[in-house]
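Read off the chains here:
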Amino acid sequence: MRAEHAPRRRVVITGSGVISPIGLSTAAFWDSLLAGRSGIRRIESFDVSDLPTQIAAQVRDFDPEQYMPRKVWRRIDPFARYALAAAVEAVEAAKIEFDEELAPRVGVQIGSGYGPSTVQSQVTLGLLEHGPRRVGPFTSAASAIDSAAGEIALRFGAKGPSGAISTACASGTSAIGEAMRWIQYGACDVVLAGGADDSVTRSDIASACSARALSRRNDDPENACRPFDKERDGFIMASGAGVLVLEEAERAMRRGAPILAELVGYGASTDAYHPTAPHPEGAGAQQALRAALADARIDPSEVDYINAHGTSTTLNDRIETLAIRKVFGDHATRVPISSTKSMTGHMIGAAGAVEAIAAVHAIRDGVVPPTVNCFDPEDTELNYVPHTAQQHKVEIAMSNSFGFAGHNAVAIVRAWKP
Amino acid sequence: MTTEEIHEGLAAILQEVAGNDPAEIQLDKSFANDLDVDSLLLVEVVVAAEERFGVSISEDDLKEGSTVGDLVRSIQGVLAAV
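Residues numbered from 1 in each chain as written. Chains lettered and ligands numbered in written order. Predicted model: local features only at pLDDT ≥ 70, side-chain atom pairs only at ≥ 80, totals over all residues. Heavy atoms only, no water.

K.L.:
It is not clear to me how the domain arrangement of chain A should be interpreted in this structure. Could you clarify?
P.N.:
Much of the literature gives interface size as the accessible area that the parts lose upon coming together. Residues and elements named next belong to chain A. With domains assigned, chain A is organised as domain 1 (11-254) and domain 2 (266-414). Each partner contributes to the interface: domain 1 provides 65 residues, whereas domain 2 provides 58 residues. Regarding the contact of domain 1 and domain 2, the summed buried area is about 4600 Å², with carbon and sulfur atoms giving 67% of it. For the interface between domain 1 and domain 2, the tally reads three salt bridges. (Domains from an automatic or database assignment. Contact = heavy atoms within 4.5 Å. Buried area = accessible area lost by both parts, 1.4 Å probe. Salt bridge = Lys/Arg side-chain N within 4 Å of Asp/Glu carboxyl O.)

The structure is reproduced here in structure tokens:
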């Protein structure tokens, strides 16, 4: 059954950038995913001796000077540095130039769950120890969740709408989906969209531990994140950023842009059930999955790959499996479903963005990345792509994100056909 | 403390805070016009200078177009008054 729809502007992806615990570029990230490499290690950047969880997936060997001047990176939080670096890669890949005519039509939408955690704790500690004079002049800007979007707009002279959507663990997917609407409705022709977080801090680890959300498998970091495995015991906090260049399709074709895939569907919903636990039947998740499929104007059976939210928490993986079963019916046992968080950890606001990028690459390369550490699957009839990557022809891929506060967001990408 | 010592200390701060090349930090250089140090970044420079030299500098002493020499003289003035 297909209803008649008014024609709408099509949105394509013409570039991507990734800063992640398993690679500091899209290519390095994708190589690591296909090789099944884990980025999870013992935390060494701050004291963890009194924390129940002492492991995380941090961005390592990142040199901000490669991407931005010293006075820029000094004034912003690491999450915004990662976002700006990912945007630099994405813009270079898209071979796009923001001239005076285009600039007012270029938007920036960078989602984040926790935002500038490090700057915020430094301000509080500095104020307590040294008083207000020690609170720096850029704090007002840098301690806000929109600071990544602001710095990216400043760097590229993007003068269309900009900002930061915050939907916890779904922020990256929400940002991409809402940015797609900006282009569809004609508010923008190009949007730099994605997500970023750097929540591997003492305060964020402590709070996620108190919420009983994190794995405590401290003595075995690489096996700690086990999405859809029955022995899973929580998620792994991670840092990173992912940015996509979204572009109105006709414009991209006119300028001969490198079109990676088309962004065809977005669905969002809210559980309205509990601050951290998902709805027991995944009602909100199902609603978002169905909304995205309807928006993409496709049947569930047409989906060739699902990049799952797959956090490795007891509740998420059980309920996401249930939601996929409900929405996809028989097709659930045929479609490969993997969680790349098994390798990257959970990059919170960046997760949905880098996972959408993984979905794009699955389409382009005809290979889906694995779920590592899935030894004893939650549902034995589903293909969670355990341990190693699998070859699959993928024309349509879905990326799921389900966050605390019941925020659900789902994006669908499709092989580009003019 | 000599003018040279204060000048050297400010050069180190500007290199750290604003990424300036120490060679370009001469007494007649204007923060805003020559060194690309705007009024907000200058606040950071001044707070770092206060800590380094153990002084308190009034923001009124530093206006748009202030030079490195102006800041050196402010610091010297405070130090002399102690």
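K.L.:
Looking at this model, I keep getting lost on the packing of aromatic side chains. Mind explaining?
P.N.:
How two aromatic rings sit relative to each other is given by the distance of their centres and the angle of their planes. All names here are of chain A. Overall, the coordinates contain four aromatic pairs over all chains when judged by the stated rule. Consider the rings of Phe 62 and Tyr 82, whose centres lie 5.0 Å apart with planes at 85°: the pair is edge-to-face. Remark: Tyr 82 occurs in helix 3 (residues 78-94) and Phe 62 occurs in the loop between strand 3 (55-56) and helix 2 (70-75); sequence separation between them is 20 residues. Residue classification places Phe 62 among the buried residues on the basis of a relative accessible area of 17%. Each residue in the set Phe 62, Tyr 67 and Tyr 82 is aromatic and connected to the rest through ring pairs, giving one cluster. The cationic tip of Arg 75 hangs over the ring face of Phe 138; the distance from NZ or CZ to the ring centre is 5.8 Å. Here Arg 155 stacks its cationic end above the ring of Phe 156, 5.8 Å away from the centre of that ring. (Phe/Tyr/Trp six-rings, centres within 6.5 Å; stacked < 30°, edge-to-face > 60°. Helix = DSSP H or I, 4+ residues; strand = E, 2+ residues; numbered from the N terminus. Buried < 20%, exposed > 50% of the residue type's maximum accessible area, 1.4 Å probe, protein only. Lys NZ or Arg CZ within 6 Å of the ring centre and 35° of its normal.)

K.L.:
Looking at this structure, I do not really get the packing of helix 1 (residues 26-35) of chain A against helix 13 (residues 351-365) of chain A. What am I missing?
P.N.:
When two helices pack together, their arrangement is captured by the angle between the axes and the distance separating the axes. Residues and elements named next belong to chain A. Following both chains from N to C, one finds helix 1 and helix 13 inclined at 75°, their axes separated by 11 Å at the closest point. Judged by the angle between their axes, helix 1 and helix 13 are roughly perpendicular. The segment helix 1 lies against helix 13, with Thr 26, Phe 29, Trp 30 and Leu 33 engaging Val 354, Ile 357, Ala 358, His 361, Ala 362 and Asp 365. Looking at the contact of helix 1 with helix 13 residue by residue, the classes come out as seven nonpolar, two polar and one charged. (Axes fitted to C-alpha atoms, helices over the stretch in contact; angles between N-to-C directions. Parallel < 35°, antiparallel > 145°, perpendicular 65-115°, else oblique. Nonpolar A, V, L, I, M, F, W, Y, C, P; charged D, E, K, R; others polar.)

K.L.:
Hey, could you run me through the side chain of Ser 199 of chain A in this one?
P.N.:
Residues and elements named next belong to chain A. Take Ser 199: it is sitting in the loop between strand 6 (190-198) and helix 8 (202-210). Its relative accessible area of 0% is what places Ser 199 among the buried residues. Once you skip the residues sitting within four places of it in the chain, Ser 199 turns out to touch Tyr 114, Asp 204, Ile 205, Met 237, Ala 238, Ser 239 and Ile 348.

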